[in-house]
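Each chain is listed here by its residues.
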Amino acid sequence: MSRDYDPVVGQWYDDLDSEEIFKVLDLDPDEEIVRIQWLDREIEEIDLDVWNEMDLELADAPEGWVDDDESDPGDDEDDLDDEDDEDEDDWDDEDEDDEDYDDDDDEYRDRE
């Protein structure tokens, strides 16, 4: 039984004939080319006619899969935490400067 799925960039598919999964990387409707990446990271360009003959099923991204052009989402959170830490450090430095200021400082009173 053939399943008709239009290629969607970023979507994973299971090729039921080869029993392998792949991800659609790009679609060129003018050239009628679908660029896919297999699980072993091999990239292939196939004609839209070939795509339409494939026996496909929608699939989920494999566990632990990280795209080459994307960073691990956990890394982004760490980067944000680091930025927050830097901002907090800046505030802490300003607080320390305020602590150095003494209302009872003789030099300050002399200016009044």
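Everything quoted here is computed from the prediction, not taken from an experiment.

(A) Expanded view of the nonpolar core. Counting residues in hydrophobic clusters, the biggest one holds 10 residues: Tyr13, Phe22, Val24, Val34, Ile36, Trp38, Ile46, Trp51, Met54 and Leu56. Sort the elements by how many residues they give to this core and strand 3 (residues 33-38) lands first, with three residues. Ignoring anything within four residues of it in the chain, the contact list for isoleucine 36 reads Phe22, Lys23, Val24, Leu25, Glu42, Ile43, Glu44, Ile46 and Trp51.

(B) Highlighting unusual backbone geometry. We note that glutamate 19 has phi near 55 degrees; this positive angle belongs to a residue other than glycine. Structurally, glutamate 19 is set in the loop between strand 1 (12-15) and strand 2 (20-28). Given the relative accessible area of 69%, glutamate 19 is considered exposed. One non-glycine residue, glutamate 32, adopts positive backbone phi at about 55 degrees. One can find glutamate 32 in the loop between strand 2 and strand 3. Relative accessible area serves as the criterion here: at 42%, glutamate 32 is assigned to the partly exposed category.

The rules behind each value
- The residue numbers shown here count from 1 along each chain, following its written sequence.
- Where totals are concerned, whole chains, interfaces and linings use all residues; where local detail is concerned, this predicted model gives features only for residues with pLDDT of at least 70, and gives and counts side-chain atom pairs only at 80 or more.
- Note that water and hydrogens are dropped before the side-chain values are worked out from all heavy atoms of the structure.
- Here, nonpolar core means buried Ala, Val, Leu, Ile, Met, Phe, Trp, Tyr and Cys residues that are tied together by side-chain atoms lying within 4.5 Å of each other.
- Only protein chains enter the accessibility calculation, which uses a 1.4 Å probe; a residue is then buried when its area is under 20% of its type maximum, exposed when over 50%, and partly exposed in between.
- Here a helix means four or more residues in a row that DSSP labels H or I, a strand means two or more in a row labelled E, and each is numbered from the N terminus.
- Working rule for contacts: check all heavy atoms of both residues, and any pair within 4.5 Å makes them a contact.

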